[in-house]
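# Structural overview for review
For reference, the chains in residue letters:
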Amino acid sequence: MHRPRTVLLTTCCVAPLLASGLAVLLPLPPLIALPLGALAGSLLLWPALRALQAQAAHSFCERVLDEIPYPVAIKDADSRLLLVNRAMLDYKNLSRDALIGSLGRCPAESEDFHRQRLAEDQQVLAGRPVRKEERLPPSFSHNGREISQIVVKRRTQSLQGQPLVVCSLFDISEQRLSQRRAEEALAREVLTREHIADFTQRLIDVIPQPVYIKDAHSRYLLVNAAFCRYRMLSAGELIGKSPFDLAKDPAHAAMVVAEDATVLAGGSVSKEEESRHPVTGESIFRWLGKERCQDADGRPIIVGVNFDLTPWRLAERENQQALAREKTLRERVQAFMQRLIDVIPQPVYVKNAASCYIMANKAMLEDMCKSSPAELLDKTPSELGWSADYAAHIVAEDQRIALGEIVYKEEHITHPSSGKAVHRIISKRSCLDAEGRAVIVGANFDITPLREAERSAARASEAKSLFLATMSHEIRTPLNGVIGMLRLALKRPLDKATREQLGVSLRSAESLLTIINDILDFSKIEAGHLQLEEIDFELRQTIADALQSFRLSAQERSIALVVDIDERLPRYVRGDPTRLRQVLINLTGNSLKFTRRGSITVRLREHPAGLQVEVEDTGIGIAAEALPRIFQRFQQADSSTTRVFGGTGLGLAICKQLVEAMGGEITVRSTEGVGSVFSFSIALKAGTAPTESADASEQQALRSLSILCAEDSPTNQIIIEALLDALGHRVSMASDGLEALEQLAAHDFDLVLMDGRMPKLDGHATTRAIRAGEYAGLRIRNPQIKLVALTANVSEIDMTEFRAAGADEFLAKPIDEQQLARLLARLSRQIPPAPTAPAASPAAKPALNERIRAKVIASLPARIAEVEQALAAADLETLTRLFHGFKGNIGFAGDPALTAQAATLEAQAASAQGEALARDWPAFRAALQALQTVRPD
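Residues numbered from 1 in each chain as written. Predicted model: local features only at pLDDT ≥ 70, side-chain atom pairs only at ≥ 80, totals over all residues. Heavy atoms only, no water.

Using the following cut-off: UniProt positions are given in the numbering used here, feature names are shortened, and annotations may be inferred rather than shown by experiment.
Per an unreviewed UniProt entry, the protein chain goes by the name histidine kinase and belongs to Uliginosibacterium sediminicola. Check the Catalytic activity (unreviewed entry) section of the UniProt entry for the protein chain; it says "ATP + protein L-histidine = ADP + protein N-phospho-L-histidine." Comment text from UniProt for the protein chain, heading Subcellular location (unreviewed entry), reads "Cell inner membrane".

### Observations concerning the overall build of the protein chain
The criterion, for reference: To qualify as a helix, a DSSP run of H or I must reach at least 4 residues; to qualify as a strand, a run of E must reach at least 2; elements of each kind are numbered from the N terminus. The buried label applies to any residue whose accessible area, calculated with a 1.4 Å probe on protein chains only, is under 20% of its type's maximum; exposed applies above 50%, and partly exposed to all values in between. All accessible-area figures derive from a Shrake-Rupley calculation using a 1.4 Å probe, and residue coverage is judged against the displayed protein chains alone.
Secondary structure assignment for the protein chain yields 34 helices and 30 strands. Expressed as a percentage of its 937 residues, the buried residues of the protein chain come to 45%. Roughly 46000 Å² of accessible area belongs to the protein chain as shown, and the carbon and sulfur atoms make up 54% of that amount.

### A look at the side chain of Lys92
In plain terms, the rule: Any pair of nitrogen or oxygen atoms within 3.5 Å is treated as a polar contact; in protein, a donor-acceptor pairing is required on top of that, and neighbouring residues in sequence qualify only through side-chain atoms on both sides. For this analysis, residues touch if any pair of their heavy atoms sits within 4.5 Å.
With respect to the helices and strands, Lys92 occurs in helix 6 (residues 86-92). Judged by its relative accessible area of 15%, Lys92 is buried. A distance of 3.3 Å separates polar atoms of two side chains, one belonging to Lys92 and the other to Glu109. With near-sequence residues (within four places) excluded, Lys92 lies in contact with Leu99, Gly104 and Glu109.

### Observations regarding the sheet that holds strand 21 (residues 665-671)
Spelled out, the test is: Two strands pair under a simple rule: DSSP has to find at least two bridges between them. Note on definitions: angles span 0 to 180 degrees between N-to-C directions of axes, and those axes are lines fitted to C-alpha atoms, for helices only across the stretch in contact.
Ordered by their spatial adjacency, five strands build an open sheet running 17-19-20-22-21, and the pairing between neighbours is mixed. Where the open sheet ends on each side, the last strands, each with one partner, are strand 17 (559-565) and strand 21. Averaged over all pairs of adjacent strands, the angle between strand axes in this sheet comes to 10°, irrespective of strand direction. Two strands pair when backbone bridges link them, and strand 17 and strand 19 (residues 598-607) are joined in this way by seven bridges, in the parallel orientation. The residue of strand 19 that forms the bridge with Val562 is Thr601. Against the sheet, helix 21 (residues 577-593) contacts strand 17, strand 19, strand 20 (610-617), strand 21 and strand 22 (675-683), and its axis sits at roughly 15° relative to strand 20.

### Let's talk about the sheet that holds strand 9 (residues 283-294)
One open sheet holds the five strands; their spatial order is 7-6-10-9-8, and the pairing between them is antiparallel. Since the sheet does not close on itself, it has two edges, and those belong to strand 7 (220-223) and strand 8 (269-276), each with one partner. Neighbour-to-neighbour, the strand axes of this sheet turn through a mean angle of 25°, independent of strand direction. Summarising the sheet, strand 6 (residues 211-214) and strand 10 (residues 300-308) pair through four bridges and their orientation is antiparallel. Each bridged residue has a counterpart across the sheet, and for Ile213 the counterpart in strand 10 is Val303. Relative to strand 9, helix 14 (residues 250-264) is tilted by about 35°, and along the sheet it contacts strand 6, strand 8, strand 9 and strand 10.

### Regarding unusual backbone geometry
Not every positive phi belongs to a glycine, and Ser79 is a case in point at roughly 65°. Tracing the backbone through its elements, the reader meets Ser79 in the loop between strand 1 (72-75) and strand 2 (81-84).

### Comments concerning the packing of aromatic side chains
Two aromatic rings are characterised by how far apart their centres lie and by the angle between their planes. What counts, and what does not: The pairing test for Phe, Tyr and Trp rings, Trp by its six-membered ring, is centres within 6.5 Å, and the orientation test on the planes gives stacked under 30 degrees, edge-to-face over 60, and tilted for anything in between. Any Lys NZ or Arg CZ that is within 6 Å of a ring centre and within 35 degrees of that ring's normal is treated as a charge sitting over the ring.
Counted by the stated rule, this structure contains 13 aromatic pairs. Relative to Phe678, the ring of Phe631 has its centre 6.2 Å away and its plane inclined at 85°; by these criteria the two rings are edge-to-face. With Phe631 in the loop between strand 20 and helix 22 (639-645) and Phe678 in strand 22, this pair connects stretches of sequence that are 47 residues apart. On the basis of relative accessibility, which here comes to 15%, the residue Phe631 falls in the buried class. If you follow Lys351 out to its NZ or CZ, it ends over the ring of Tyr357, 5.0 Å from the centre.

### What about the environment of Ser706?
Among the secondary structure elements, Ser706 is positioned in strand 24 (residues 706-710). Along the primary structure Ser706 and Asp750 are separated by 44 residues, whereas in three dimensions their C-alpha atoms are 5.2 Å apart.

### Section: empty space enclosed by the protein
What counts is decided by this rule: Residues are called lining when one of their atoms sits within 4 Å of a cavity or pocket point, these points coming from a 1 Å grid over the protein atoms alone, where a cavity is a set in which a 1.4 Å probe fits but cannot get out and a pocket is an open set with protein on both sides within 12 Å along at least five of seven lines. Grid points are joined across faces, edges and corners, and a volume is the space filled by probe spheres set on the points. Each residue receives one of three labels: charged for Asp, Glu, Lys and Arg, nonpolar for Ala, Val, Leu, Ile, Met, Phe, Trp, Tyr, Cys and Pro, and polar for the others, Gly being one of them.
Applying the stated criterion to the full structure yields four cavities of 30 Å³ or more. Elements with a contribution of two residues or more to the lining of the largest cavity: strand 1, helix 6, helix 8 (111-125) and strand 5 (163-171). Element by element, the count of residues in the lining of the largest cavity is highest for helix 8, at four residues. Grouping the amino acids of the lining of the largest cavity by side-chain chemistry returns eight nonpolar, two polar and seven charged. Empty space within the second largest cavity amounts to approximately 150 Å³. Tyr349, Tyr390, Ile394, Arg424 and Asn444 are the residues nearest the centre of the second largest cavity, which is lined by 17 residues in total. Breaking the lining of the second largest cavity down by element, the ones donating at least two residues are strand 11 (348-352), helix 17 (388-402), strand 13 (407-414) and strand 14 (421-432). Here the lining of the second largest cavity takes four residues from helix 17, the largest share from any one element. Looking at the lining of the second largest cavity residue by residue, the classes come out as nine nonpolar, two polar and six charged.

### Considering the nonpolar core
So the rule is basically this: We define the nonpolar core as a collection of buried residues of types Ala, Val, Leu, Ile, Met, Phe, Trp, Tyr and Cys that are connected through side-chain atoms lying within 4.5 Å of one another.
If you look at the biggest cluster of nonpolar residues, it comprises 41 residues, and the most contacted ones within it are Leu539, Leu587, Leu604 and Phe680. For this core, the elements supplying multiple residues, two or more each, are helix 20 (539-556), strand 17, helix 21, strand 19, strand 20, helix 23 (651-661), strand 21 and strand 22. Setting aside its immediate chain neighbours within four residues, Leu587 contacts Val615, Leu652, Cys655, Ile666, Phe678 and Phe680. Of all hydrophobic cores here, the second largest spans 23 residues; its members include Leu705, Leu790, Leu811 and Leu824.

See below:
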């Protein structure tokens, strides 16, 4: 404890305390006059007090300071408390013994706050006084409220010359609260009168608080800086002067002296008055407070405080006028806002925080089926006859919005007022009204017609996509059989005439497939279903592959096909090689089609976007008037070219859309009779070499695979089996997904070729079952087996479904032998040998037609059983599919009448003619069963 040092204090440290503490000009309670009066008197006895005993001086200081109603403390050079008054004990909520000699830290102080206090003490000891306003959190308060206070610290010395810190705290919480209230009142005026806000701010920021001490003769003993500013005199000009010496009006001076006498007699002064400024003569409002106190010698002194209320009183008058103006303005703005929102064709409304409607436009009244505003305004959702659940939902949503949440949503509901099913967009958010209260502003946008139109468009698009997928499957499936069979036939020894005839047939079938592909591609692009790959590929090899199919045709017609590739182009690039190849094939095919002699040159150059490609020919050219429409769909330069050269007019339109999808553009320049130049640029980035680098010869040398093919078409089974036999692979066939699962549960295979559309279990479901490892009690021996999806409908949707099911690769129908060979060669490098495999197909095979007929007849029992099950379940969709399959395959049995019967049954199932089906099915079934007993000639 450092208590022995405290007895060394004398009034030499109390005088600076009063000078610094009173200088903050705070409103003090009337009781302040008594202790400060005694203190001021002690200053007059300064010489005599130096002779007093230190203990007596210390007791006097404690007694004087205890009378001061605001916290006061005196610290030594180590920031330890030497002297505190009762107000400081209450402020710290500690006893005097606990504080004296300590650093005065209370539990609520953080370490940073405490270090700041100590640093301030050192600043004061260095000769730099501290005077600041600070805000303390509720944890510092006994009543749990935030504290605003003025902190004043000054340096002084003890009689022994030791440096001391005098600290005073002045609570201004009420003033700051009043200040905030005044700011809120004045802030409302800022919307209409900006200068009122500026004036109010100046009024709050400059609040004079003069404090003074006088002796029993009304002479000033001590004044603060605010009092000096108030009297427009320096402290030296005020000390020792009486009101008679300073006042211009003797009567006013006499009144002040009389008040001082009343205070000295034990009374007090606490009043508000309107008077004239003692110097300027201006009219002012102020609160006066005077109290009696004693100085160190026990002589009476007067402590006075003045508070200038002039700005507040003037502001009150202005506020009253402003409120009247604000009321008028608000009424005018309200009327204008109502007219404004009434113009809006969509429902708009304003609600208060209790979900009560306070404003609504005409569209809102109509939407709510109300004939007048009175039927809606001042009503809550529960008062409008809505269901309790819906009303509670709206109220809860409004409460969240009032707290700051923003709602922007679409909802499909039964309208609570009209009862109609509506689609609408709801927009709601909160803002503040003129009083600063939260309100909810909402708008409803009826989008029912839009959503109905979208649904109609979606249904149309879905029907179109379904139609295209169905047509793709229905057209490609027989066409795949035609192309496959023609390719197989051309591999056999044939005489020249037959080979030419089959070659023409194959080219015609492939041309038909190209037309179908163009139509489907264009449909996919128009529907927005086109998705581009981004993979690394070898640019020169891709170009060579794309042009390879044209070289023989060009050579036969003595047309030079020249490829000019800039050496600066990278070997590997990153992009979509399939679409690049498609555009190049389309443009080169066009050039070859319209060029009778000369050359076709394909140039590849660098381009800021990535790659520039030109296809130049010496063909018939394009008329100038036809160039603007050359890239439009179903357009050709001359309608006669369709008759002479063929084509759908879709190829260039597809090229344009593909190029634009790849981030480029396509142009054409042409001179009729001279030739054309098609040029396109696409965005390509430099790529990296693929990890697999085995060439074709290495791939061809890889081992034979044991392959399971799931395919329901007998024709396609024959084609696939022949292709795989030719490539040296062993193949087993399954006519549907369930049969495929049974074989995979019984045997080990290296790879599965999976068709998409099959009876019993389609390709997607079968693939998922394989990856799951089990289906209806069948345990798949190798759930991770490599699986290649076969489909005539290579759409992104179909590929996405197969990928999701677990397919590893895709192969389009009709199956290209070279693509099949490359795919199997690549996969064989990734497939470990299977431990067992089903028996290989026998070397000797019957004739092709007989093989197809045998497969069709072999599948009849299972198909008949499926029809019986579907009939029993009245499953017309399955019956339609089954009879459609009969119609496509039964012709191979050699009886055309059965094909016609199958078509009739398909039509009956599709049109839900259940009685006709039940009548005609038994005869058709008997004919099918007869086929199984009759052997071919």
